[in-house]
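# Notes for the structure review
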Amino acid sequence: MRVVIAEDLALLRDGLIRLLSAHGFEVVEAVDNAPMLLTALMEQTPDVAVIDVRLPPTYTDEGLRTALEARRRRPGLPVLILSQYVEQLYARELLSDRSGGIGYLLKDRIGDVAEFVESVRRVADGGTAMDAEVISQLLTRRSRDEPLAELTTREREVLALMAEGLSNLAIAARFGVTDKAIGKHTNNIFAKLGLPPSDDHNRRVMAVLAYLEAGPVSPDPQKRRSGLA
Amino acid sequence: MPLNAILGVAVLLAWVPGIRAALVSLQRAWAGAALGRTVPARAPGPRVPAWLAINAVVGPALLVAVFVVVTNTVGVLFRLQPMRNSPSVTLTLSLALLTLSALALAIAALMGLAEARLAELLLGDGGSLAQRVRELTASRAAAVDARAAELRRIERDLHDGAQARLIAVRMNLGLARSADDPEQARKLIEEAWESAGQALADLRDLVRGIHPPVLADRGLAGAIEAAALLCPVPVTTDLVLTGRPEPPVESALYFAAVEAMSNVTKHSQATRAWVRLRSTGHGIRLVVGDDGRGGADRAAGTGLRGIAERLSAFDGTLTVQSPPGGPTVLTMELPCAL
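The rules we used
- Residues numbered from 1 in each chain as written.
- Chains lettered and ligands numbered in written order.
- Predicted model: local features only at pLDDT ≥ 70, side-chain atom pairs only at ≥ 80, totals over all residues.
- Heavy atoms only, no water.
- Helix = DSSP H or I, 4+ residues; strand = E, 2+ residues; numbered from the N terminus.
- Buried < 20%, exposed > 50% of the residue type's maximum accessible area, 1.4 Å probe, protein only.
- Contact = heavy atoms within 4.5 Å.
- Areas by Shrake-Rupley, 256 points an atom, 1.4 Å probe, with all protein chains shown as cover.
- Pairing = 2+ DSSP bridges.
- Right-handed = clockwise from strand over helix to strand, strands pointing away.
- Phe/Tyr/Trp six-rings, centres within 6.5 Å; stacked < 30°, edge-to-face > 60°.
- Lys NZ or Arg CZ within 6 Å of the ring centre and 35° of its normal.
- UniProt positions renumbered as here; feature names shortened; annotations may be inferred.
- Patch = residues over 30% accessible without salt bridge, like charges linked within 9 Å, V, L, I, M, F, W, Y side chains within 5 Å.
- Salt bridge = Lys/Arg side-chain N within 4 Å of Asp/Glu carboxyl O.
- Lys, Arg positive; Asp, Glu negative; His and termini not counted.
- Charge placed at Lys NZ, Arg CZ, Asp CG, Glu CD.
- Buried area = accessible area lost by both parts, 1.4 Å probe.
- Polar contact = N/O pair within 3.5 Å; in protein donor to acceptor, adjacent residues only side chain to side chain.
- Nonpolar A, V, L, I, M, F, W, Y, C, P; charged D, E, K, R; others polar.
- Axes fitted to C-alpha atoms, helices over the stretch in contact; angles between N-to-C directions.
- Core = buried A, V, L, I, M, F, W, Y, C linked by side-chain atoms within 4.5 Å.

## What to know about the overall build of chain A
In terms of regular secondary structure, chain A is built from 11 helices and 6 strands. Residues counted as buried form 53% of the 229 residues belonging to chain A. By sequence separation, contacts in chain A at least 24 residues apart represent 66% of the contacts at least 6 residues apart. Carbon together with sulfur atoms contributes 53% to the accessible area of chain A, which is approximately 9800 Å² in total.

See below:
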């Protein structure tokens, strides 16, 4: 599996190269700034890119913006964004094109090597890997008159794990039930959120997005999103 | 001279407090009219007697000077008897007299202004400048206090959080290094791994409280939007700025917005809230409203006072409209260049 890495701190860049190489990835290019990242993504067309959100030249959210730009040019290009902190705002932007292959994780998670490698693979396969912290931030919110309010407690729990990117089988293992039981829950969730039948991958992304978007009410969400570019 | 006697009596009378107060306020009103601005009263002090003393000397001296000039001019005119002399002498004298009169009028006007300024200086409170110095002193003290408290908090958080956890990490790794039993070493490494993760989480929270990364990334509008996403009460946002203010101003307004939203969550029992951010002609206006129970009072809690203090460091103001029963609207205005 071919991977491009973007990380400006040499210490972490080398660590990522070593870690991913040791787990069967082929690191085709490792860059330390945003302009070179965009070029690498366009020229190498990797199976997945692991990108630090903060990159030169501005040291703000250059990595995220470059990833979004790359996905505009190559829809569905799998990217996993790493950051020292997570923002729901960014999670929503990453998922907003609804085409999957998105990861957004705290850098801490690299420390859990097996799980991290699994997340990179999942993103490369078009799945999602949302950090548990994004989800836990959402859980602090009160329930409101919104589609999510119709979900049962268990369905919310399943949706939260779905948002992290877990498969039905993995969710079933967490709850100690069969994956068939989880399948019933996910179908209920899709129905309650009004998601039309489509391939399972896509519907999962949509459900996660619905979860993230059940946040503040904006008079014109479309305008708000385009204003960020 | 009778005139001087009258003045002397006036000055003597002016030492009687009631009359003096009336004189002072009369003089202040007159000075205000002459200068085209109000001259606010100052607290009684040594300056009022100084004003009286100066007037007691300068007033009669001026009268004497005017008397001398007028009598001498009239004397000169009589002695030259211009009517009997040639027209050229008459013309020269007339011109000289006119010039003298104009000069006298100009001097009188200047003297009047000087006296008004003197009255303002000695009887007024020093005007807006003194007021401004008082405000600045207060806001600077508040800013310094807030900064000191903030640093203490950061120090304590580091000491009890990340620092302590890293000590635990090192301790566990040290034990693991010298452990004979591989199974025990593995356990110790596992613990060190956990502690390192918690240290990271602590540092992350700390950084968010000092300067939220999203504020640096996205500016004020983006950061308020991100904070609104985390607010338990649904928030409608309408955030438009024409430029990017200085980082300290951004930070003050960001934390003011966060504090306002946290107030909504904690106290208002609102079902909806809204935030509006706009550039005005000479700064930024941030309005946070909710449909809650109202009754917010800046004297009651530290939240609103904290917002007002944050803003006052930049000459910003907080206006609270919150009748009992609601709704509550906080208007924050801060002058700055955009």
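## Considering the pairing of strand β2 (residues 273-280) of chain B
Residues and elements named next belong to chain B. The pairing of strand β1 (residues 235-239) with β2 spans 5 bridges and is classified as parallel. Bridging across to β2, Val235 finds its partner in Ala273. Taken together, β1, helix α8 (residues 247-268) and β2 form a β-α-β motif whose crossover is left-handed. In this structure, β2 lies alongside strand β3 (residues 283-290), joined through 8 bridges in antiparallel fashion. From the neighbouring strand, Val275 faces β3, where its bridge partner is Val288. Once β2 ends, the chain turns through 2 residues before running back antiparallel as β3.

## A short note on the environment of Arg293(B)
Residues and elements named next belong to chain B. With respect to the secondary-structure elements, Arg293 resides in the loop between β3 and α9 (302-312). Separated by 30 residues in the primary sequence, Arg293 and Pro323 have C-alpha atoms spaced 8.4 Å apart. When sequence neighbours within four positions are dropped, the list of residues in contact with Arg293 reads His267, Ser268, Gln269, Pro323, Pro324, Gly325 and Gly326.

## Comments concerning the packing of aromatic side chains
Enumeration over the complete set of coordinates arrives at 1 aromatic pair over all chains. For the ring pair Tyr254(B) and Phe255(B), a centre distance of 5.2 Å and an interplane angle of 75° mean the geometry is edge-to-face. Accessibility assignment for this pair places Tyr254(B) and Phe255(B) in one class, buried. The aromatic ring of Phe175(A) is capped on one face by Arg154(A), whose charged end is 4.1 Å from the ring centroid.

## Thoughts on the UniProt feature "modified residue: 4-aspartylphosphate" (unreviewed entry) in chain A
Residues and elements named next belong to chain A. Mapped onto this structure's residue numbering, the UniProt feature "modified residue: 4-aspartylphosphate" (unreviewed entry) falls at Asp52. Accessibility expressed as a relative area gives 5% for Asp52, which makes it buried. Excluding residues that lie within four positions of it along the chain, Asp52 makes contacts with Ala6, Glu7, Asp8, Gly63, Leu82 and Lys107.

## A short note on the side chain of Asp108(A)
Position of Asp108(A) relative to the elements: it lies in the loop between β5 (102-106) and α5 (113-124). Residue contacts for Asp108(A): discarding those within four places in its chain leaves Gly197(B), Leu200(B), Ala201(B) and Arg204(B).

## A word on a negative patch on the surface
A cluster of acidic residues, Asp112(A), Glu115(A), Glu118(A), Asp125(A), Glu190(B), Glu191(B) and Glu194(B), forms a negative patch on the protein surface. Listed by contribution, the elements that provide at least two residues to the negative patch are α5 of chain A together with α6 (182-210) of chain B. No other element matches the 3 residues that α6(B) contributes to the negative patch. Counting through the fold element by element, Glu191(B) comes out in helix α6. Residue class for Glu191(B) comes out partly exposed when judged on its relative accessible area of 43%.

## Quick word on a nonpolar patch on the surface
Residue and element names in this part refer to chain B. Residues Ile54, Val57, Val58, Leu62, Leu103, Ile107 and Met111 make up a contiguous nonpolar surface patch of about 580 Å² in total accessible area. When contributions to the nonpolar patch are tallied by element, the ones reaching two or more residues are α3 (47-80) and α4 (87-123). Tallying contributions element by element places α3 first for the nonpolar patch, with 4 residues. Checked against the element boundaries, Met111 lands in helix α4.

## With respect to the interface of chain A and chain B
With 31 residues of chain A at the contact, the number on the chain B side is 27 residues. Of the roughly 2500 Å² buried at the junction of chain A and chain B (both faces included), carbon and sulfur atoms supply 48%. Where chain A meets chain B, there are 6 salt bridges. Salt-bridge contacts for Arg204(B) lead to Glu133(A); the nearest nitrogen and oxygen are separated by 3.7 Å. There are 9 residue pairs in polar contact (both at pLDDT 80 or more) connecting chain A and chain B. Listed by contribution, the elements that provide at least two residues to the side of chain A that touches chain B are α3 (62-73), α4 (88-95) and α6 (132-139) of chain A. Here the side of chain A that touches chain B gets 5 residues from one element, more than from any other, and that element is α4(A). Tallied by class, residues from the side of chain A that touches chain B come to 10 nonpolar, 7 polar and 14 charged.

## Remarks on the sheet that holds strand β5 (residues 328-335) of chain B
Residues and elements named next belong to chain B. Read from one edge to the other, the open sheet built from 5 strands follows the order β1-β2-β3-β5-β4, with strand pairing classed as mixed. This sheet does not close on itself; its edge strands, each paired only once, are β1 and β4 (317-321). Within this sheet the neighbouring strands show an average axis-to-axis angle of 10°, counted without direction. Where α9 meets the sheet, it contacts β4 and β5, and its direction lies at approximately 150° from that of β4.

## Description of the sheet that holds strand β4 (residues 79-83) of chain A
Strands pair in a sheet through their backbones, by hydrogen bonds, and they do so in one of two ways: parallel or antiparallel. Residues and elements named next belong to chain A. The sheet built from 6 strands is open, its strands ordered β2-β1-β3-β4-β5-β6 with parallel pairing. For this open sheet the edge positions go to β2 (26-31) and β6 (128-130), each flanked by a neighbour on one side alone. The mean angle between the axes of side-by-side strands here comes to 20°, regardless of whether they run parallel or antiparallel. Sheet topology places strand β1 (residues 2-6) next to strand β3 (residues 48-52); 4 bridges connect them, and they run parallel. From the neighbouring strand, Ala6 faces β3, where its bridge partner is Ile51. α5 rests against β3, β4, β5 and β6 of the sheet, and its axis sits at about 140° to β4.

## Thoughts on the nonpolar core
Judged by nonpolar contacts, the single largest core of 94 residues is most densely connected at Leu41(A), Ile51(A), Tyr104(A), Ile224(B), Ile307(B) and Met332(B). Filtering out sequence-adjacent residues up to four positions away, Ile224(B) remains in contact with Leu239(B), Tyr254(B), Ala257(B), Met261(B), Val275(B), Leu277(B) and Leu286(B). The next biggest cluster of nonpolar side chains, apart from the first, holds 18 residues, and it includes Leu20(A), Leu82(A), Leu105(A) and Ala124(A).

## A word on unusual backbone geometry
Residue Pro56(A) is joined to Pro57(A) through a cis peptide bond whose omega torsion reads 5°. Residue placement: Pro57(A) occurs in the loop between β3 and α3. For the bond from Gly326(B) to Pro327(B), the omega torsion is -5°, close enough to zero to count as cis. Tracing the sequence through the fold places Pro327(B) in the loop between β4 and β5. Non-glycine residue Thr45(A) carries a positive phi angle of around 40°. Tracing the backbone through its elements, the reader meets Thr45(A) in the loop between α2 (34-44) and β3.

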